[in-house]
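# Examining the three-dimensional arrangement
Single-letter residue listing:
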Amino acid sequence: MTLDTLKPKVTEIVNHPDLTAQLKMQGVCDLLQSNIDYYDWVGFYMAHDTEPTLHLWSQAGEATDHTVIPFGKGICGQVAVSNKNFVVDDVNAQDNYIACSIHVKSEVVIPLFKDGKNIGQIDIDSNTVNAFSNKDELFLEWINEQIASIL
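This report concerns the structure included in the present document. (Residues numbered from 1 in each chain as written. Predicted model: local features only at pLDDT ≥ 70, side-chain atom pairs only at ≥ 80, totals over all residues. Heavy atoms only, no water.)

## Looking at the pattern of salt bridges
Pairs can form between side chains of opposite charge once their charged atoms are near each other. The full count for this structure, using the stated rule, is 1 salt bridge. When the shortest N-O distance is used, the salt bridge between K7 and D4 registers 3.7 Å. Within this pair, K7 and its partner D4 are both found in helix α1 (residues 3-14), separated by 3 residues, close to a single helical turn. For K7, a relative accessible area of 26% puts it in the partly exposed group. (Salt bridge = Lys/Arg side-chain N within 4 Å of Asp/Glu carboxyl O. Helix = DSSP H or I, 4+ residues; strand = E, 2+ residues; numbered from the N terminus. Buried < 20%, exposed > 50% of the residue type's maximum accessible area, 1.4 Å probe, protein only.)

Right, here's the structure in full:
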């Protein structure tokens, strides 16, 4: 399944009238992880209201111990500070990387903005080196725009 063919399914989940925002986010995680073969782990981390930490709201793939991440720590924590997309082609080449699984080879983290403020992010891990392209970044930015509309 291509990234663009998933857009109507994402829209359907986001517009579902009977689901909470968190359940919609879980639905998006499940959809992406089960339909894109190199998206081995998909999660949304949201910024805490008063503490400089990210909290795992929803995820699909292997369970992780990293449910709270301080700003600045790991790829996710760096994106919380930089407000910029971060694509890691090879996690072994990163000094400030938090390993969620020994199988992860690459990662992409895209900040989620609401009213111009970075309130969270989508995080994708892949068990393939160099898994992510510009198409993934654009697709995940679009996903975050859809999610921001329900938060």
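Anyway, onward from the coordinates.
## Description of the sheet that holds strand β2 (residues 53-60)
Within the open sheet, the 6 strands sit side by side as β3-β2-β1-β6-β5-β4. Their pairing is antiparallel. The strands lining the two open edges of the sheet, one partner per strand, are β3 (68-70) and β4 (86-88). Adjacent strand axes in the sheet meet at a mean angle of 25 degrees when their direction is disregarded. As paired elements, strand β1 (residues 41-47) and β2 share 6 bridges and run antiparallel to each other. The partner of F44 across the bridge, within β2, is S58. (Pairing = 2+ DSSP bridges. Axes fitted to C-alpha atoms, helices over the stretch in contact; angles between N-to-C directions.)

## Examining unusual backbone geometry
Trans peptide bonds make up most of the peptide bonds, and negative phi angles are found at most residues other than glycine. Phi angles above zero are rare outside glycine, and N83 is one such case at about 65 degrees. By secondary structure assignment, the location of N83 is in the loop between α3 (74-82) and β4. A positive phi angle is found at D115, which is not glycine, with a value near 55 degrees. Tracing the backbone through its elements, the reader meets D115 in the loop between β5 (106-114) and β6 (117-126).

## Here we look at α3
Among all positions of α3, only G74, I75, C76, G77, V79 and A80 are buried. For α3, the elements touching its buried residues are β1, β2, β3, β4, β5 and β6. (Contact = heavy atoms within 4.5 Å.)

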